[in-house]
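Remarks on the overall topology
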Amino acid sequence: MSRIIMLIPVGTDVGLTSVSLGVLRAMEHKRINVSFFKPIAQPRQDNQQQDLTTAILQASSTPQIPEPLSINEAEALICQGQEDTLLEQVVARSKAVTAGAEVTLIEGLVPTRQHPFADQLNARIADTLDAEIIFVIAACNDSPTHLKERIEVACAGYGGVTNPQISGVVINKVNAPVDAQGRTRPDLSDLFEHQGETSQPRMERLQALNASPIRVLGCVPWHEEMIATRVADVATHLKASIINEGDLQTRRIRKIVFCARSVPNMVEHFRPGALLVTTADRPDMIVSACLAAMNGIEIGALLLTGNGDLPLSVAGLCQQALDSGLPILSVPGNTWQTSLNLQNFGLETPADDAPRIELVSEYIATHIDKAWAESLTQGISRKRRMSPPAFRYELTELARKAAKKIILPEGDEPRTIKAAAICAERRIAECVLLGDQEKILRVAEQQGVTLGAGVTILDADTVREDYVARLVALRKDKGMTDIIAREKLQDSVWLGTMMLENDEVDGLVSGAVHTTANTIVPPFQVIKTAPDVSIVSSVFFMLLPDQVLVYGDCAINPDPTAEQLAEIAIQSADSAQAFGIEPRVAMISYSTGTSGQGADVEKVREATRLAKEKRPDLIIDGPLQYDAAIMENVAASKAPDSPVAGKATVFIFPDLNTGNTTYKAVQRSADLVSIGPMLQGMRKPVNDLSRGALVDDIVYTIALTAIQAKQADDTTRLTHPAAA
């Protein structure tokens, strides 16, 4: 029977949708089979838009989130005295949602002037479904005493603090900038930068200050990134004319700056993500903003008031800024009218803004009590699929525990710099940026990135000579000389590899700029393979909507022999196991079982036999066609007795042509995230990036590398205790 938890908002503007997404993500981190149900929709903007949480989850969830009852239907039944009929419909709809789920999360209604019955209806729904109640409250700048009183008043409407149905409270928007009416005002954020507790508040301390019997299950500090909206959304709200589109769809607004003073007094506010608002008759301000953009500062957008256009003479001077992607908008009203209009801009996350939804989900999930989330399935024992959020969470947690140092030879590459800063902030790994220190710092400043503790900048020119003698000694038999060594060490990957060989760092990640060959050849020649390993291979972690699959080998070996294919299968199964994925290995071919013949099928059949012989503890089967390996209904007809068919988690392809083509076809056709390739079999971890890698791709590859380094240490400790 599913455990039902209901989130009930205490007041308006509590960030209910954000908290729902975060709680769902926290449960996914713990591999909980969770479903979501919104009993009654709460549309936005005068009933013109559907319920926000439902819209977001319907766009991203499998299976689909059911449609809630409409608020109009609910109001009609309440007005007709048929509240019991309404509740019966809620129960009927909930049955289909809770079936098969360990936990079902229900979102209540926000009390508003249009829906004054929300509190009473929330209580009736919670009682009818026997749901555990979690209140969601916005702390903003309330004192602990005032916050405690508000929570206890909310409990009073649900039987008081002794009601066993009440599980706790999630406190959102701690230290948020709010005005006198309690509305969140990011334009006032500067006034609150030094007030109260701006770092992540400790739930234990807040609980003690409140002295409340209601358990604090989450305490979420306000963060400007949570409301960083796209320029396109602001333009739509203002009904602005587009003078220069630029990066309208991708740039985000983190701060609003009204340029009312002279240029020297405004320059310090020209920061990444700023919306600069100025009158169209201020060419000095327009040119200054464009100069800032030309110097690498990614200003959010330039907004001209007074219905002005960009003068041709000024446009000519600013063409380079326009080409850099700076959006320029125009509105008819004056600056005062525009400021009032901006105050009315909704801060909620649009249903189609996937990056922001992901950020909100992960951010709030990290502030939900882990012990509470773990307790939700106590006593439940079952095999669980590893979901993509759970996999990413597992990576982060394991990397933190590993506490490794990773070198990034492409130290001045913008994405790499951002990734290093994120890894330091999340304590995923200590990153070493290799390159020219002055250039690295300049690029970081242009990106709005602060490189603090956890990131080391290493100037390549100051250390290169230290590794010449060692490289000559390692490659002397291959004709290496001092001259050749110095030439090789001009390449940052070679230099980083030598640092890895010398145990100064624990792993290496490259490939955002370099090719795969540039990245892996130096380690192949210097680091070499691990003991008792006959081949180096690779895997990709494919993040499907509801689970993570492992594909190997899709990057290294063009046409492995049966013996090599068996080794790749064993390596890939061990990698899956190491990252929390139960390995059920499918040896892929164009034939299933004994239905086909030919050299290619025989190679897969022989590789399957060898792998089973070497590792009888692993669940391996083949040859299997891809559909038989992944689809239960196909497996039932093609391989009914297979322990793998229909439920494979590790897919081993017979050659590089098949593997690389398949992973890219699946990734691009289904719009999936894939992490990798992760190299297997190296003595020390080295991993390659795609040159189109996103910042998050680099972050998770660094995490993978750190975890591999820890695993290598553990293996060394077990096999060579004296050396360890």
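Criteria and cut-off values
- Residues numbered from 1 in each chain as written.
- Predicted model: local features only at pLDDT ≥ 70, side-chain atom pairs only at ≥ 80, totals over all residues.
- Heavy atoms only, no water.
- Helix = DSSP H or I, 4+ residues; strand = E, 2+ residues; numbered from the N terminus.
- Rg over C-alpha atoms; globule rule 2.2 N^0.38 Å.
- Buried < 20%, exposed > 50% of the residue type's maximum accessible area, 1.4 Å probe, protein only.
- Axes fitted to C-alpha atoms, helices over the stretch in contact; angles between N-to-C directions.
- Parallel < 35°, antiparallel > 145°, perpendicular 65-115°, else oblique.
- Left-handed = near helix turned anticlockwise from the far one by under 90°.
- Contact = heavy atoms within 4.5 Å.
- UniProt positions renumbered as here; feature names shortened; annotations may be inferred.
- Domains from an automatic or database assignment.
- pLDDT = per-residue confidence, 0-100.
- Core = buried A, V, L, I, M, F, W, Y, C linked by side-chain atoms within 4.5 Å.
- Nonpolar A, V, L, I, M, F, W, Y, C, P; charged D, E, K, R; others polar.
- Phe/Tyr/Trp six-rings, centres within 6.5 Å; stacked < 30°, edge-to-face > 60°.
- 1 Å grid on protein atoms, 1.4 Å probe; cavity = no way out; pocket = protein on both sides within 12 Å on 5 of 7 lines; lining within 4 Å.
- Points joined across faces, edges and corners; volume = space filled by probe spheres on them.
- Expected span 1.5 Å × (residues − 1).
- Polar contact = N/O pair within 3.5 Å; in protein donor to acceptor, adjacent residues only side chain to side chain.
- Disulfide = S-S within 2.5 Å.

1. Here we look at the overall build of the protein
Helix and strand counts for the protein stand at 29 helices and 24 strands. In summary, the protein has a C-alpha radius of gyration of 29 Å against a globular reference of 27 Å for 724 residues, a match within 12%. If one aligns the C-alpha atoms of the protein with their principal axes, the spans along those axes are about 80 × 70 × 50 Å. Buried positions account for 55% of the 724 residues belonging to the protein.

2. Concerning the packing of helix H1 (residues 16–29) against helix H2 (residues 52–60)
For the pair H1 and H2, interaxial distance at closest approach is 9 Å and the crossing angle is 40 degrees. One finds that H1 runs oblique with respect to H2. As H1 runs across H2, the sense of the crossing is right-handed. Contacts between H1 and H2 involve Thr17, Ser20, Leu21 and Leu24 on the former and, on the latter, Leu52, Thr53, Ile56 and Leu57.

3. Observations concerning the UniProt feature "domain: Phosphate acetyl/butaryl transferase" (unreviewed entry) in the protein
According to UniProt, the feature "domain: Phosphate acetyl/butaryl transferase" (unreviewed entry) maps to residues 391–706 in the numbering used here. Helix makes up 46% of residues 391–706 and strand makes up 18%, while its end C-alpha atoms are separated by 15 Å.

4. So, the UniProt feature "domain: DRTGG" (unreviewed entry) in the protein
In this numbering, the UniProt entry assigns the feature "domain: DRTGG" (unreviewed entry) to residues 233–344. For residues 233–344, the helix share is 38%, the strand share is 21%, and the end-to-end C-alpha distance is 13 Å.

5. Here we look at the domain arrangement of the protein
Interfaces are often sized by the amount of accessible area the parts lose when they come together. Partitioning the protein into structural domains gives domain 1 (3–222), domain 2 (229–344), domain 3 (388–528 + 682–712) and domain 4 (533–680). A straight line from the C-alpha centre of domain 2 to that of domain 4 covers 52 Å.

6. Regarding the confidence of the model for the protein
Scored by pLDDT, the protein has a mean of 86; 92% of the residues are at 70 or more. Strand E22 (residues 650–652) holds the highest mean pLDDT among the elements of the protein, 97, whereas helix H7 (residues 203–210) holds the lowest, 50. Long-range and interchain partners of residues 188–200, a stretch whose pLDDT sits below 50, account for 20 contacts in this model, where long-range means more than four residues apart.

7. Details of the nonpolar core
Counting residues in each nonpolar core, the largest one holds 65 residues, and the members touching the most others are Phe391, Leu395, Phe541, Met587 and Ile702. In terms of residues, this core owes the most to one element, helix H29 (residues 695–719), which gives 9 residues. Here this core spans two domains, since at least three of its residues come from each of domain 3 (388–528 + 682–712) and domain 4 (533–680). Filtering out sequence-adjacent residues up to four positions away, Met587 remains in contact with Leu565, Ala569, Val604, Ala607, Thr608, Ile620, Asp621, Gly622, Pro623, Leu624 and Ile652. In terms of nonpolar packing, the next biggest core, distinct from the first, is built from 41 residues, Ile65, Val110, Val360 and Ile364 among them.

8. Concerning the packing of H1 against helix H14 (residues 354–365)
Where H1 meets H14, the closest approach of the two axes is 7 Å, and the angle between their N-to-C directions is 70 degrees. Accordingly, the angle class assigned to the pair H1 and H14 is roughly perpendicular. Crossing of H1 over H14 shows right-handed handedness. Contacts between H1 and H14 pair Ser18, Val19, Leu21, Gly22, Arg25, Ala26 and His29 from the former with Ile357, Glu358, Val360, Ser361, Glu362, Ile364 and Ala365 from the latter. Each residue belonging to the contact of H1 with H14 can be placed in one class, and the counts come to 7 nonpolar, 4 polar and 3 charged.

9. Considering the packing of aromatic side chains
For any pair of aromatic rings, geometry is given as the distance between the ring centres together with the angle between the planes. Inspection of the entire model under this criterion finds 9 aromatic pairs. Here the aromatic rings of Phe135 and Tyr158 are separated by 5.3 Å at their centres, their planes lie at 70 degrees, and the arrangement is edge-to-face. Of this pair, Phe135 sits in strand E4 (residues 132–140) while Tyr158 sits in the loop between helix H6 (144–156) and strand E5 (166–174), placing them 23 residues apart in sequence. Pair check on accessibility: Phe135 and Tyr158 agree, each one buried. Taken together, the aromatic side chains of Tyr551, Tyr626, Phe651 and Phe653 make up a single cluster linked through ring pairs.

10. Describing empty space enclosed by the protein
In total, this model carries 1 cavity of 30 Å³ or more according to the counting rule given. In this model, the largest cavity occupies a volume close to 30 Å³. Every residue lining the largest cavity is listed: Leu408, Pro409, Glu410, Thr416, Val509, Ser510, Leu689 and Ile698. For the lining of the largest cavity, the class distribution of residues is 5 nonpolar, 2 polar and 1 charged.

11. Digging into helix H17 (residues 414–426)
In an α-helix there are 3.6 residues to a turn, and that puts residues three or four apart on one side. Across its 13 residues, H17 extends 19 Å between first and last C-alpha, which sits within 8% of the 18 Å expected from 1.5 Å per residue. Those residues of H17 not exposed but buried are Thr416, Ile417, Ala419, Ala420, Ala421, Ile422, Cys423 and Ala424. Positive backbone phi, approximately 60 degrees, marks Arg427, located one or two places after H17.

12. Topic: the environment of Arg282
You can see Arg282 is positioned in the loop between strand E11 (274–279) and helix H10 (283–294). Taking the C-alpha atoms as reference points, Arg282 and Ser262, 20 residues apart in sequence, are found 9.9 Å from one another. What Arg282 contacts, discounting residues up to four positions off in sequence, is Cys259, Ala260, Arg261, Ser262 and Val263. Separated by 3.1 Å, the side chain of Arg282 and the backbone oxygen of Arg261 make a polar contact.

13. Description of the state of the cysteines
When the sulfur atoms of two cysteines share a covalent bond, that bond is a disulfide. Evaluated as defined, the whole model comprises 0 disulfides. Here Cys318 stays free of any disulfide, with the sulfur of Cys290 as its closest cysteine sulfur at 3.4 Å. Classification of Cys318 by relative accessible area gives buried; the value is 1%.

14. Details of the environment of Ala301
As for its position among the elements, Ala301 is in strand E12 (residues 301–305). Taking relative accessible area as the criterion, Ala301 reaches 0% and is therefore assigned buried. Leaving out residues up to four positions away in the same chain, Ala301 has contacts with Val231, Ile253, Ala274, Leu275, Leu276, Leu326 and Pro327.

15. Let's talk about the side chain of Ser642
Tracing the backbone through its elements, the reader meets Ser642 in the loop between helix H27 (632–638) and E22. In this structure Ser642 comes out as buried when scored by relative accessible area, which is 11%. Those residues in contact with Ser642, other than ones at most four positions away along the chain, are Asp621, Leu624 and Lys647.

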